[in-house]
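Take a look at the letters that make up each chain.
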Amino acid sequence: MLLAGVFAGTAYGAPPVPQTIAFPVVGPGRFTDDYGDPRWGGWHQGNDIMSRRWQPAVAAVNGRVDLHMSSTARGTCMLYLRHASGATYVYIHLNNDLTMQNDNRGGCREGVAYPVGLKDGDFVRRGQLIGYVGDSGDADGIQPHLHFELRVGRAPTNPYEYLRRARRILFPRGPSLTEAMTITLSGRLKALENGQFAMRSASASTSLGVKYPITRRVVLTLPDDALVQRSTDAGPVGAGLRDAVVGERVTVQTTAFLPYFSYQLAAPGVLASANILLRG
Ligand SMILES: [Zn+2]
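Since the model is a prediction, treat every value here as computed from it, not as a measurement. (Residues numbered from 1 in each chain as written. Predicted model: local features only at pLDDT ≥ 70, side-chain atom pairs only at ≥ 80, totals over all residues. Heavy atoms only, no water.)

## Focus: the overall build of the protein
Within the protein, the secondary structure is distributed over three helices and 18 strands. Over its C-alpha trace the protein gives a radius of gyration of 21 Å, about what one expects of a compact globule, namely 19 Å for 280 residues. Out of the 280 residues in the protein, the part that is buried amounts to 46%. Taking as baseline every contact in the protein between residues at least 6 positions apart, the subset at least 24 positions apart corresponds to 65%. Counting every atom, the protein has about 13,600 Å² of accessible surface; 53% of that belongs to carbon and sulfur. Averaging the positions of the 29 positive and the 22 negative side-chain charges in the protein gives two centres separated by 3 Å. (Helix = DSSP H or I, 4+ residues; strand = E, 2+ residues; numbered from the N terminus. Rg over C-alpha atoms; globule rule 2.2 N^0.38 Å. Buried < 20%, exposed > 50% of the residue type's maximum accessible area, 1.4 Å probe, protein only. Contact = heavy atoms within 4.5 Å. Areas by Shrake-Rupley, 256 points an atom, 1.4 Å probe, with all protein chains shown as cover. Lys, Arg positive; Asp, Glu negative; His and termini not counted. Charge placed at Lys NZ, Arg CZ, Asp CG, Glu CD.)

## Considering the coordination of the zinc ion
Binding of the zinc ion to the protein goes through H44 (NE2), D48 (OD) and H147 (ND1), at separations of 2.0 to 2.1 Å. Sequence positions of the residues that donate to the zinc ion give the spacing H-x3-D-x98-H. With respect to class, H44 is no different from D48; both count as buried. (Donors = N, O, S within 2.8 Å, 3.2 Å for Na, K, Ca; no water.)

## Quick look at the sheet that holds strand β12 (residues 183-193)
Overall, mixed pairing links the seven strands, which are arranged β14-β13-β12-β17-β18-β15-β16 in an open sheet. In this open sheet, the two edge strands, each paired with only one partner strand, are β14 (211-221) and β16 (235-238). The average angle at which neighbouring strand axes cross in this sheet is 30°, direction not considered. Where strand β17 (residues 249-254) meets strand β18 (residues 273-278), five bridges bridge the pair, whose relative direction is antiparallel. Paired with T254 across the strands is S273, a residue of β18. (Pairing = 2+ DSSP bridges. Axes fitted to C-alpha atoms, helices over the stretch in contact; angles between N-to-C directions.)

Take a look at the structure:
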């Protein structure tokens, strides 16, 4: 039966890559099927995911990172993510700027192109922070984007259908699965009913120190002991959710959780509110 399964897989040409990858950019990420488009000196071997400078880039699958960081200020910061199946995901034009401007002063360094602590050869998990979006190399000066490639063995493969089916996550996780984390979301209150709190986020920051814009509807549960405050000129004061006005600005910190992928997907009701600040 096992052999039959293997042959059936081969016969139908199923590619040896996971059917569901994590979308490799957290937050803004528009893309089209630009694989195969003519490019200067050749053809486009991946899809460009248009985003913003410093946006988190995460591992699409579990695998090992192979850092390919240029040592020159304007060189290309890139990495390979190697899955056990033999599929390789390539991340190109990672960040080389120190600020939100195109200053080209950061180089392909730890804390600039990829997170502090990530080492060449590290095993990373799907959804883990592995880089920051930028415009290094021949993307210098154009809109920051992630050039994302999929290679099966050595063969370039169009990643488009995988990106279309990819799961978009709310936040990146770090290397530890045993260290609890929280996420803080700022945005606008959309609804308050049935013990749930719905908001439209504008930005996020995690307890692991990653901050980024992200526009997304997020529905959190509302435990009885959540702390609710209203910001005033004199600082935050105790408030009740009866005072909350739909449409007003809010900042919500979640309760602590272990960073499993299901939390990163943040389906309605998965995350719980711990602190809610009503901001008018
Ligand atoms: Zn490209």
